[in-house]
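Secondary and tertiary structure notes
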Amino acid sequence: MALLTSPRRRGPRARLLLAALLVAPSACAPGAGGDPLDAARLAELPWDSVVERARGSRVVWRMWRGDPAINAYVDGWVAPRLRDRFDITLVAVEGRGPELVNQLVVEREAGARGGSDLVWINGETFHNLRSEDLLQGPWAGTLPQAAGVDSASAIVARDFEQDPAGFESPWGRVQFALIYDPERTPDPPTTVAALTDWIRSHPGRFTHDQSFTGMTFLKTVMYALGGGVAPLQGGFRESDYQRASGALFAWLDSVTPHFWRGGSAYPGDVAALHRLFANGEVDFSMSHNQNEAATKARQGILPPNARALVLRDGTIANAHYLGIPFNAPNPAGAMVVADFLLSPEAQFQKARPDVWGDGPVLAPERLPAPWPERFRALESDPRAVPGDTLRAYAVPEVAPGYHERLAEEWRRRVRGAGG
Amino acid sequence: MALTRSAGRRPATWRRGRRVRGVAAAALVALPVGVGVVYMTLGALGMVGPGSAGNGASPARIARVLGERAVWEGTLWSLWVAAASTALATLGAAAVAVAYRGTRPLDRAGRTLSLLPLAVPHLAAAVGALLVLGQSGLLARVALRLGWIAGPAQMPALVLDPWGWGLILALTWKELPFLALVASSVLATHGTALEETARGLGAGPWAVLLRVTWPTLWRGMLPAAVAVFTFVAGSYEAAALLAPSDPLALPLLTWERHTDAALTRRGDAYVLGLLAVALAALAVAAHEWLAARGRRSGA
């Protein structure tokens, strides 16, 4: 409750007035119920009473809305079931991680009631939200469906090495993969060393994007050149970063001249990289989601034969989560939605390659029949990377500080930005 | 008579009230900008917004951001694109206005066709430029079919290119109709009588064009050209699709900082936002200076 009533920093009245002017539209959003109990208090109640409080309410979910497949799953499959079973109206609105952190900071400055009940987060966004006390919790561990979560997996149980501590509920799991077309590249490289040779022997046919996916690729290479993920685990240390990034930037110095356009330009985001790959300007794309090759091929965005491959040096796997903002007006509704999204049927639907292809966070052995068999059957898709392969080469994320420093230094050294 | 007197000579209190109402209306329009500038100033000083230290005002962030080479490279690049797009669009608009100023069906068709891009959103124009000018775009595919190039890499880079040619062409195409509309209006209201007078005094076609038509057009189009320049310098969506990664255009750099993984760097966007506002203010000031100079030389 303290979070709801006492903003962490109070500024002069003039500042609040200005901030109030800026956030007035979201503060006045219709449907803001204003439950007097926050998620931590609700977590102490019997689940039935949480569901009763949520019944008939409206849940605003701030999330990335850039993928038609994800939007179709949320709007066309999740929302109708929430309406039928809980009389909950789900409204999904645009808001990526960094933007929603900024939005919540300004809302707190204004003392405004929140414009969203649920947010889709992970990694440095969770780190920023927690460091700024912008999330309610703990609540996630008390969801009934949390019993099926694969809590033994370090990928699911730790978010970029951070303990979720009940402030976010796992929703999906993905693994980084390169994407290639077997017709163009019948014998693709499967290690960083082989990729290095391939880049040198195919000048202008490889690049990465400037955004989160590209930085994850660079982190993958950084792990491979620095002896794996182990030396970087245990929190951010500048000395370890310097050692690992030194090897990475030496590698980049040696291969960048062979990149697309000699490394003088980089696609802005992974969508732009997909475009270059689909149009034959480069021979590889990449994705955080190992199943994106299949889903994007189905959408006609990637070539029909596009396949994913994981590098044998290890590729980064991570999970994504759902959080409840400090000023969410309807935390009970948000908890019911998060619980439904953890259910085997919602996780299975989401994992289907013809729907979204987002990996489940449930442990099949903890689920009742027929779910274990159904989840295992998903892995038999001939277009998907076999589950055993994914698990064998999965490496976890490290502390967000590595991502922040790497992105900043890459911009400064390779692109010239950042001073 | 009473009606004529009251229209011609309003009471002093009414005139004063009209001025006050005018200023109030202008203030209302400027209010969102003013609030934004004040908030950005507080953010630039580290007093509000993401990553604010909560330690009171400090100019450290402003000094650090303005000390970055990337900021000034991005600013100069944005100004170059804005200047080139505005110049090309202004010249094109003047040409359209002069070439299709008559009342024949061909003139009307020319004017109508030149205005069509007005209906196209900037983002759609940028996507179109990408599909046409990209190294795997329509032009490249035609060149490939004709045997002029053997693959995408041999197509000259017109998008994500260091000079921003693709972006300049897209923005020129998008802004030309707006300026052509203004140019046609200027010629229709001010040009004809002056041109006829010049011809009557024996001036030839080129002399009329250079000494009468162009100066008339230039003065009339100047406010619109300044508006186009400031808009293009600060526009994001076309640059996001077509601008290179190095240097990074000022609007893209601003957004990149606003969404930086490190919370402490997000406040940099406030400094960059203020820089963009300052550039727009300078453009308006330059317009006022040029307009005043034009009035003096005209008088």
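Source: prediction; values computed, not measured.

Quick look at the overall build of chain B now. The helix and strand tally for chain B stands at 13 helices and 0 strands. In terms of C-alpha radius of gyration, chain B reaches 24 Å, well past the compact-globule figure of 19 Å for 299 residues. Judged by the C-alpha coordinates and their principal axes, chain B covers about 70 × 70 × 30 Å. When each of the 299 residues of chain B is scored for burial, the buried share is 36%. Within chain B, counting contacts between residues at least 6 apart in sequence, those at least 24 apart form 70% of the total.

Along the backbone of chain A there are 18 helices and 9 strands. Over its C-alpha atoms chain A spans a radius of gyration of 22 Å, differing by no more than 12% from the 22 Å that the globule rule assigns to 419 residues. When its C-alpha atoms are laid out on the principal axes, chain A stretches across 65 × 55 × 35 Å. Relative to its 419 residues, chain A shows a buried fraction of 51%. If you take every contact in chain A between residues at least 6 apart in sequence, the share linking residues at least 24 apart comes to 83%.

With that settled, the discussion passes to the interface of chain B and chain A. Every contact between the two is made by 32 residues of chain B and, on the other side, 35 residues of chain A. Contributing elements (two or more residues each) for the side of chain B that touches chain A: α2 (12–44), α4 (69–99), α11 (250–258) and α12 (263–266) of chain B. Sorting elements by how many residues they give to the side of chain B that touches chain A places α2 of chain B first, with 4 residues. Grouping the amino acids of the side of chain B that touches chain A by side-chain chemistry returns 20 nonpolar, 8 polar and 4 charged.

Packed helix pairs are specified by the crossing angle of their axes together with the interaxial distance, meaning the distance between the axes. All names here are of chain A. The interhelical angle for the contact between helix α4 (residues 47–54) and helix α14 (residues 331–342), taken along N-to-C directions, is 115°, at an axis separation of 8 Å. Considering the angle they form, α4 stands roughly perpendicular to α14. Of the two elements, α4 crosses α14, and the hand of that crossing is left-handed. Residues V50, V51, R53 and A54 of α4 pack against A332, G333, M335 and V336 of α14. In the contact of α4 with α14, the residues fall into 6 nonpolar, 1 polar and 1 charged.

Residues and elements named next belong to chain A. Spatially, β6-β5-β7 is the arrangement adopted by the 3 strands of the open sheet, whose pairing is antiparallel. Two strands close off the open sheet at either side, each with one partner strand: β6 (285–287) and β7 (307–309). In this sheet, neighbouring strand axes are inclined to one another by 35° on average, regardless of whether the strands run parallel or antiparallel. As paired elements, strand β5 (residues 177–180) and β6 share 3 bridges and run antiparallel to each other. What sits directly across from L178, in β6, is M286. Where helix α12 (residues 270–278) meets the sheet, its contacts fall on β5 and β6, and the angle it forms with β6 comes to roughly 145°.

Another aspect to go through is the environment of V192 of chain A. All names here are of chain A. Here V192 is to be found in helix α9 (residues 192–201). Residue classification places V192 among the partly exposed positions, given that 18 C-beta atoms sit within 10 Å. Considered as a pair, V192 and V221 are 29 residues apart in the sequence and their alpha carbons are 6.7 Å apart. If near-sequence neighbours (up to four positions away) are discounted, V192 is found in contact with V221, A224, L225, L311 and D313.

What follows deals with the nonpolar core. All names here are of chain A. By size, the foremost hydrophobic cluster in this structure holds 109 residues, and its most contacted members are L118, A177, I179, M335, V337 and A338. With 8 residues, the single largest contributor to this core is α14. In contact with M335, other than residues within four places in its own chain, are A39, L42, V50, W139 and L143.

A word on the pairing of strand β8 (residues 315–323) of chain A. Two faces belong to every sheet, and in a regular strand the side chains alternate between them. Residue and element names in this part refer to chain A. Of all the 9 residues making up β8, 9 are buried; the element is thus mostly covered by neighbouring parts of the structure. A two-sided burial pattern is seen for β8, the buried positions comprising T315, A317, A319, Y321 and G323 on one face and I316, N318, H320 and L322 on the other. Pairing analysis gives 7 bridges linking strand β4 (residues 168–175) to β8, with the strands arranged antiparallel. Within β8, the position partnered with G172 by the bridge is H320. Taken together, the 3 bridges between β8 and strand β9 (residues 394–396) define a ladder with parallel strand orientation. Each bridged residue has a counterpart across the sheet, and for T315 the counterpart in β9 is A394.

Before going further, it helps to examine the environment of G148 of chain A. All names here are of chain A. By secondary structure assignment, the location of G148 is in the loop between α7 (123–131) and α8 (154–157). G148 sits in the buried class, given 22 other C-beta atoms within 10 Å. When the C-alpha positions of G148 and P344 are compared, they lie 8.3 Å apart, and in sequence the two are 196 residues distant. Contact partners of G148, with chain neighbours within four places excluded, come to P344, L362, A363, R366 and L367.

All names here are of chain B. Their axes nearest at 8 Å, the elements α4 and α11 cross at an angle of 140°. On the basis of their axis angle, the class for α4 and α11 is oblique. Contact residues: α4 offers A70, V71, G74, T75 and S78, while α11 offers L250, P251 and L253. Along the lines of polarity and charge, the residues of the contact of α4 with α11 split into 5 nonpolar, 3 polar and no charged.

Thresholds applied
Residues numbered from 1 in each chain as written. Chains lettered and ligands numbered in written order. Predicted model: local features only at pLDDT ≥ 70, side-chain atom pairs only at ≥ 80, totals over all residues. Helix = DSSP H or I, 4+ residues; strand = E, 2+ residues; numbered from the N terminus. Rg over C-alpha atoms; globule rule 2.2 N^0.38 Å. Buried ≥ 20, exposed ≤ 12 C-beta atoms within 10 Å, placed from the backbone. Contact = placed C-beta atoms within 7 Å. Nonpolar A, V, L, I, M, F, W, Y, C, P; charged D, E, K, R; others polar. Axes fitted to C-alpha atoms, helices over the stretch in contact; angles between N-to-C directions. Parallel < 35°, antiparallel > 145°, perpendicular 65-115°, else oblique. Left-handed = near helix turned anticlockwise from the far one by under 90°. Pairing = 2+ DSSP bridges. Core = buried A, V, L, I, M, F, W, Y, C linked by C-beta atoms within 7 Å.

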